[in-house]
Structure formats: C-alpha cells, structure tokens
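# Overview (structure and organization)
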Amino acid sequence: MPTACCGGGAVRDTQAQPNIYSVPVGCDFTVAFLDGLRDRFQGEPPEAMARVEIFAGSQNGASRIREILESGPAALLPRIRLLDDLADDPLVPGVTPKRDPGLERTLALRRLVAALLEREPDLAPVSAAFELAASLEGLVAEFHDEGIGLERVLDLEVEDQSGHWQRSLKFLRILYSVFEAGGQPDRRSRVRAAVEALDGHWRSQPPGHPVIVAGSTGTSRSMMLFMRAVASLPRGAVVLPGVDAEMPADVWPSLHDGECDEHPQAAVHRFCAAAGVSALDLPPWSGLEPACPARNRLVSLALRPAPVTDRWMSEGPGLLTEIAAAAAGMSLILAPGVREEANAVAVAMREAIETGSRAALVTQDRELARRVDAALRRWSIEPDNRIGEPLQQTPAGVFLRLVLDVLQPQFAPQAFVALLKHPLTNSANRKQHLRHTASLERHLRAECGPAVDSGLVQNWAHGRDGERAAWGARLAELLAGAPEPGGRPLADWLRGHVRLANALVAWQGVESGPFASDAEVSGPLWEGMAGSDLGRMFDDLAAHAAAAGEVDIRDYRAMLRSLMQTSRAYGQTTPRPDAAIWGGHQARVRSTDLVVIGGLNEGTWPGSLTPDAWLNRAMRRRLGLGPPERRHGLAAHDFQQAAGSAKVVLSRSLRRDDAPAVESRWLTRILNLMRGLGAEGGEAVDSMTARGDRWLDLARSLERPKETVARAGRPAPAPPPASRPERLSVTQIRTLIRDPYAIYARHVLKLRRLDPVGREPDALARGIAIHGILERFVAEIAAGRAAPSAESFLALAEAELLSRVPWPMVRRFWLARLRRAADWIVEGESERSRAGTSVGAECGGSLSVGTGGFTLTARADRIDRDDAGRLLIYDYKSGKPPTAKVIKSFDKQLQLEAAMAARGGFEGIPAAPVGRLQYIGLGSEKIEDIRVGDGLFSDVLQELEALLAAYSDPRQGYCARARMQRTGDVSDYDQLSRFGEWDVTDAPERRILS
C-alpha cells in the first residue's frame, strides 16, 4: 500500500492488486501494525491520523490498539471500530439503527420451544427449552453471517432413517417463524446487509479517508466480504496477522478446497484465494522482524498440511544447522497432573517477573488458568486474567444459585446449610451468625429428613432462647412465603429472587413475602465486577420478562444457570502489567517476554469438536456452511503465533481426571520432527525437558515440608479398665472382633460419626424400611387383617414405603426389588407362620455376662414360639446374609441373641429353649440356618466371656482394623486412626494409657 493511500490524496488504480499486507508469525501484531501505521503518517499533519478508520478483528484487538496509542506519545487517535458497529451506523447506506432484540427474542423463542416440548415431551425435557433456544439462535446467526436464508434448510431433502431430521425440523420451523416470517432482523443479518450495501456503494463512491482492517483472517463470511471490499479501496488496507512466511509456495495450494481446514494458515489462504492473491506475495506491513526465525521454520515444517507431511524427509535436514537456536528459547514441562503443571507454570512466571521480564500464560484450559491464578496470588502477584471465570462460579454467582435453591416451599438441607455458610449471608454480623448456623446444622444432622422448610426452622427457633431464638425467627421469616410449585411470570421469579438475596445479605425481613413488590439490584451483593455483571443480567431479564411468559422454578433455574455459565467475570482490582493469563484469541494481538503455552492436550487445546445438534456434515456442506474443523484451524493459528515468541514454555499434564491424557497434536508433531533430526534434535528436546523439569522440581520444593514427620503406626491404644465399655450390643460384639479401635473411639473417647446433613437413601434407610414392612406384614397376618399373598404384601409395602421413604425415585426402585422377591418372601413367611407364633418383633433385651458386671444388649428382629414351646429367632437382612464361615468366626449376633433368650433376657419373653436360628436374606433370596445343638449357647457365652476377659487386661490394646472382612471396607474412624499412613500388614503399636 503506497504511503499516499493513508496519508496523501493519491487514488490507486482499482484494477491493481488489492491492498493486502502481512505481519509474520512471531511478531507482536499490534506493535507491528501501529509501527507500520505511524511510518505511513510520517510528515503528515496531526489531524491526518484522526481521519483513519480502523476495523479491528475483535474487541480484544481494538482494546489493545487503543491501549498502546493511549500510552503515548500524545497524538490525535484514529477511529477504532468493530465490524458489528456497522449494524447501527446511520452513515452506512440503507442502514437504519434498530434496537437489537437480543435476549427478548431468545425468551420468546424459548416460550415457543417450551410449548413444543410440552406437546411432544419425547423430544427433550421442558427445562432444556432455554438452552435449545440459544443453540437455535447460534445456528441462525451462522446462517445470516453466511448470507443463507433459513428457507433453504426447510427445503433440504434428507433420507432420515433414524427420525432425527424430522425432530430437528420441528424446531427449525419455529426458528423460521421467528426470524424469517416477519421477525425483526437480528444483528448478524443487519451486519451482513450493511457490508453488502457498503461494498456496492464503495464501488462508485470510495471513501476519502483511509480504511484499514487489522488483525482478522476473515473467518466469517461477512468479515471476508468486508475485507475484500476494503482491500479494493483506493485508500484501504487489510493487514493479516501471523502469516507463515516460511511455508514454500508449492505447499500453499494443498490448503485449498477445505481439505486442510485444521492447518493454522488455512484461514489466511482461504481469504487470499478469495481476494485473488497469493499469501507469499503479500508485502510486509512493517519492518518488524520475527522474534525467532529459526523456530518459525521449525514450527512451520512441523505443522505442514497432512498431504505434504513427507516434506519432513526433504526439508528436515536443512534445520540441523539451526535446531539449537530454534530450541534455545523453548522449554518443555511434562507434569504428572494439572496441579503440578499449574505450580510449575506459576514458578516459571514468577522467575521471569523477578528478573524484570513480563510473562503470560496462554491456554484454553480454564481449570489450569484458575490454578495458576491462585498459585501466583500466593506471592501477591495478581495477573491480568483475560480468561476470567463464569459468573456462576464467582462468589456472588454461587450465592445467587444457592438462594435460588431455597426459593421454594421445601428445599434440600445441603443447599440450605451451604447458603447459611456463604460469606455474603448476614455479612454484617458473621461471627454470631456462624455460631447460630452451627447450632442449627447440628439439629438438621440429627433430626432433619431430606427436605427443609420454614416451619422446621421456626420450630427449632421456638426451642431456643435469647439471640438464637431471634436469629431463627428472622431466618424462618425470610424463608416464608415461597411460591407453590407451578408457573409464574418470569418477572415474579426475578423479583422474588432479588428480594430474598438482598434480605439474606442484609439479614432484614421481606415485607409481605418475596413477591410483594419490586426489588432493587443494589447493595453489597451487586458490587464489584462480578456483581455489576450479574446486576446487568438481571436488569436485562427484567426488561424483557414479558416475552418469556410463565415459567416454573425448574425453567427459571435452567435459564439463569445457562446465562451465568456463558457470561464471564474478570478481576476487580488493577492487575500487574508484567503477569497475564490469556486465551488463544488474546495471544493473536499480544506478545510478551515469556509465553507459556499451557494445557497442550487433545480435548483441551485443541478442544473437542462438538457436533452440530441440528445439521450433519453433509447438510452443512450442501448449505455452504463451514466444517467444524475450522475451529481447530483457528486454534492452530493461535498456537503457531504464540510459539513464535522469543521465549516459550510448552506445558502439558500427563494425566487428567484420573486418566492418561493424550498429547496435543501440535506438540506431538514438533517433538517427533525434532527427535527425527538425529542426535542434535534429541539433545535439543532433552535440553527443553531439563529446563521444564527444573521448574517442576522448584514447585515440588515449595510443597515439601521443612521437617519430615514420621508416619503414624497402626494404633492399638490400651486405656485403663475403668474407662473401658461395660455395655455393648450383640452387633457391637462383631465390631469388637473386627475393628476394636472403633469400640475404643466410640465408647472410650465418646466420639460418634457425624450424621450427614439430610437423610440419605443408603443401606441403613433401606434396612429400616424393609424391617418395618415385614414387621407390619407379620402382625397383619397374625391378626387376620391380611392374607399371606404377594398382592397383600406389595400393597402393604407400597403404603409403608410411602410413609417411610421420602424419595420418590428411590421408593419406586425399592418397591420394584420387593416385587421381584414378593413370592419368595410370602412363601417364606407362610412357612414361618406355620412353624410358630410370633411373640415379639423388634424386642429389646439384656443379659449380664461374666463376673465383671458387663451387660450384653440386643434388639431381635423377630422371635416366634412353636408348639413345643421352643423359641424361633429370625434376623432379616436387606442384602445377603453372612456365610457359615463368617458366622462361625465373627458374626455371633444370632447365637448371642439365642443365649439371651434361653436365659429370659428379652422383655416379656420367658426363658425357653431355642429351636431355630435363621438369617433371611431378602435381597439375595437366601436363608442361612445356624445349627442349634446342645451346649451351643454355653459355648458362645464362654467365648464372649473370654473375649471380654482379654479386653479387661490393662495391657490389651484396641487394634485398628484388626480383622476387617474386606480390605476395602471403611471404618467410621479410619481418619482418626490415620489409616493410610499405616497398612494392614503393619504390626499394632500398643500404647498404655493412664
């Protein structure tokens, strides 16, 4: 582009080559662009620069250009714009600024999709309506960007054997009715129309001021059309970023026809081909040279298109003379996991910062970015985090999601306790608030079922006094007035949500319920960057709430979480200028002294290709839409640009999510090429790895304790006899045999396992429910109120589960399992009824054992008496009964109960001989009989007395996990015994306690 095209008034011949320029890989694009722009305006008056109109490729690019210009020297600034600005530019011929329907249309589309899903629930759940609407809007945006009418989709002829296309058409017809049949055009379609209008207008009346497109490769069709129009202007210019000047001329054609869309230069080639120029013939925009030309040649060869990868054999030897120079500024971190990778990256960045350099992490891995951010903050280094985090993961976002969980009459106790403990709840009086919260939590753990409501909190408050009672009453007041299940206008949900959130933060009452009047998005919750973004989101929703119609709590929750997940929040304070975390698109227009390219694993960078939910590859090709692989091409271009920096660290984790991770294809190519160059290449890779290992070692040293603490031994504490338990149940005798330490912890230390917040549908709950069913069934049969049939058993079981089991899905599952075993259970109960008459169910008893005053207790599931006066003792197991081998050595429960019964140990049941002992496995449909013979009960009592005598010895320790049934069995006191520091093969370490 001649200097006159920017600064002077000369007019270029419109038939000449378009004004397209390049900035090579490895250059800071924005610096190179502004250097070239300033060179072209040397000697021009100051106002000449103000006439320049620059269209940046992205918002990030525009910000970077403005940032450098504003840093000095003082000058009039050019006009910096984005392509989207044309949609509302009144100076563009035929463009009338219009209000963008945006969220309002998404909500309206959601309502139509929800109506379809209600009519045809097999398509998708209604709660997915908002995400489906957003996905459809993304599809229509792509169509408008490509200049394709939606009617072409409806006219597609598709052989659909699975019916998927017919289901998709139902949604697409809704889309057509909203966007094409009289709907207001969206922003993408208005941008496309503006570009087409400008293209036609400029052909006859080109603008008199310079117009420049900087930093875009024309990946979207609208941008490509605009760039071609600008490149043809007499005073226009297009400046392409990251052009690979090292790729030979005969390789570029292999990128044609979409065969190599994953190549980093595919987008550059596609635009140049459309403009009728060759990428190799593009003149440089500025004289700025790449940071490391040798590495550019290495990476360029490594990333050659697949059809010409054989060029490694012919061109590779030419790199031997400069392989050391190419690798000198590169390091390689191969970390065992993501945590280790993040720590090593943070150490590398800190080292660069302390030597006066600037450092940046470039990654697509958000987890890695969060970990590196946190690691740097340990040293008071707050990086410029341009990746940010989803709004729903910010403190304010988490709080609003927790508030949403209690915006209903009943809610889960886990979410309720988490809300009370959130730092924003009652933020002005946290110390007292946390004390009261701990007291309420203990009550919930001991007494609460799977759901909480305001009445439960009110009842708890009535049993307290003073400040705690007032606190509980206020909390119950805040929770009261939640709406009943069903649909409500979206505005009501927003109002109630905001009012309740504000009230919980300020700990002030909600007058007349949370839906009584409007709520203000103001206060501590809505402060800071994340709070402001959330406030704008709520205001936007409230402004367009009428378009959504009525929604229920599930729809509202899904809608909010989708919006909060797709919006991102950034740092709230001024970050350091020498530390940054960028995404790949930020690295396109920025550079720094040290660039760490992190998360180089397949599925992360490049990311996994998400298939189009509506159109398959063949349909997209027939419609003229680009393939999904183009996203990989853009990511590869970002990688190549970052890899060209002066100092580069390539980083990956060998494992992720407890599974081996697959190395990124780009890293694989570079390392394979280098190793294939012989000893010189292998040594270069080894040197890179050694530099990375050094940072890994430094990171490990930071976590290594200064003092080595010896591993704990296997405990076997021996408390004094006076402290040892004098009363145990028959089931705890089994624990004393298998895990004596648990008896010590519970009865000597008086430590009990903390109940979970909210009841869980675990094995204990199932056992209690099934025991209750059988107890009632036996009683109903004995009283003649029920027939011994599967039908009556299942009817009673369903009624009992309905009253005892508050989880609907679990209830149905347990009932289904009982239905499968019903015939076997009824047949067994009939046989047991014929064998004897029930004399006790869930009956308690006790027996004094030995001479030391020890008491054995029990609660028998069922005791019958036969015609001969003998007692029949049964024990129901919801799963499998213990085997004969286990019964002989460990599980003495029934034998001990028999010994107690034979001596009159059970209340209301006189002493009598025992005729039967039986374990009944309801889940396995198996019965385990215990032999009843002369002397059996005396023997088991003698064994118990011997066991108790052994533990009355002051030197006898309570060994941890002495005889566990399985290695994987968990004890409630494993953490207390520090299991894991010792193994079951370790000898017990007895410790005499006084």
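Here's a quick rundown of the structure.

Thresholds, definitions, all that
Residues numbered from 1 in each chain as written. Predicted model: local features only at pLDDT ≥ 70, side-chain atom pairs only at ≥ 80, totals over all residues. Heavy atoms only, no water. Salt bridge = Lys/Arg side-chain N within 4 Å of Asp/Glu carboxyl O. Helix = DSSP H or I, 4+ residues; strand = E, 2+ residues; numbered from the N terminus. Buried < 20%, exposed > 50% of the residue type's maximum accessible area, 1.4 Å probe, protein only. Core = buried A, V, L, I, M, F, W, Y, C linked by side-chain atoms within 4.5 Å. Pairing = 2+ DSSP bridges. Phe/Tyr/Trp six-rings, centres within 6.5 Å; stacked < 30°, edge-to-face > 60°. Lys NZ or Arg CZ within 6 Å of the ring centre and 35° of its normal. Axes fitted to C-alpha atoms, helices over the stretch in contact; angles between N-to-C directions. 1 Å grid on protein atoms, 1.4 Å probe; cavity = no way out; pocket = protein on both sides within 12 Å on 5 of 7 lines; lining within 4 Å. Points joined across faces, edges and corners; volume = space filled by probe spheres on them. Nonpolar A, V, L, I, M, F, W, Y, C, P; charged D, E, K, R; others polar.

Within this structure, the stated rule accounts for 62 salt bridges. For arginine 734, the salt bridge identified is with aspartate 891, shortest N-O distance 3.0 Å. Highlighted residues: arginine 734 in helix α30 (residues 730-738) and aspartate 891 in the loop between α35 (884-889) and α36 (893-902), separated in sequence by 157 residues. What makes aspartate 891 buried here is its relative accessible area of 5%. For lysine 877, the salt bridge is made with aspartate 875, and the minimal N-O distance between the two is 3.3 Å.

Take the nonpolar core next. Core analysis: the biggest nonpolar cluster contains 59 residues, and Phe416, Leu490 and Tyr556 have the highest contact counts within it. With 9 residues, the top contributor of residues to this core is helix α22 (residues 490-506). Counting 46 residues, the second largest nonpolar core, distinct from the first, contains Ile733, Ala742, Ala901 and Ala960.

This part covers the pairing of strand β21 (residues 854-865). Of all 12 residues that make up β21, 10 are buried, and the element is covered over most of its length. One ladder, built from 3 bridges, connects strand β19 (residues 727-729) with β21; its direction is parallel. Opposite serine 729, over in β21, you have threonine 857 as the bridge partner. Pairing of strand β20 (residues 837-849) with β21, which is carried by 11 bridges, proceeds in the antiparallel orientation. Each bridged residue has a counterpart across the sheet, and for threonine 837 the counterpart in β21 is arginine 865. Two strands pair when backbone bridges link them, and β21 and strand β22 (residues 871-877) are joined in this way by 4 bridges, in the antiparallel orientation. Each residue of the ladder has a partner; that of isoleucine 863, found in β22, is isoleucine 873. Here β21 folds back onto β22, and the loop between the two strands holds 5 residues, one of which, glycine 869, carries a positive phi near 85°.

Turning next to the sheet that holds strand β14 (residues 594-597). If you walk across this open sheet you meet the 6 strands as β6-β15-β14-β7-β13-β8, and the pairing is parallel. In the strand order of this sheet, the two ends are held by β6 (330-335) and β8 (384-385), each with one partner. Sheet analysis places β14 next to strand β15 (residues 647-653), joined by 4 bridges and oriented parallel. Residue pairing in the sheet places valine 596 in a bridge with valine 649 of β15.

Right, let's talk about the packing of aromatic side chains for a bit. Per the stated rule, a full pass over the model turns up 19 aromatic pairs. An aromatic cluster is defined as three or more aromatic residues linked by ring pairs; in this entry it consists of Tyr21, Phe29, Phe33 and Trp285. We note arginine 738 situated over the ring of phenylalanine 890; from NZ or CZ to the ring centre the distance is 3.8 Å.

Below, the discussion takes up the sheet that holds strand β2 (residues 53-56). Strands sit in the order β1-β5-β4-β2-β3 across an open sheet of 5 strands; the sheet is parallel. At either margin of the open sheet sits one strand with a lone partner, and together these are β1 (20-24) and β3 (79-81). Within this sheet the neighbouring strands show an average axis-to-axis angle of 20°, counted without direction. With 3 bridges connecting them, β2 and β3 associate as parallel partners. In the sheet register, phenylalanine 55 faces β3, and the bridge partner there is arginine 81.

In this section: empty space enclosed by the protein. Here the idea is plain: a probe the size of a water molecule rolls over the atoms and shows the empty space left. For the coordinates displayed, the defined rule picks out 3 cavities of 30 Å³ or more. The calculated volume of the largest cavity comes to roughly 50 Å³. Lining the largest cavity we find Gly26, Cys27, Asp28, Ala587, Arg590, Ser591, Gln641, Ala642, Gly644 and Ser645. Broken down by class, the residue content of the lining of the largest cavity amounts to 3 nonpolar, 5 polar and 2 charged. Reported here for the second largest cavity is a volume of approximately 40 Å³. Of all elements in the fold, only α11 (266-275) and α27 (629-643) reach the threshold of two or more residues within the lining of the second largest cavity. In terms of residue class, the lining of the second largest cavity is made up of 3 nonpolar, 2 polar and 3 charged.

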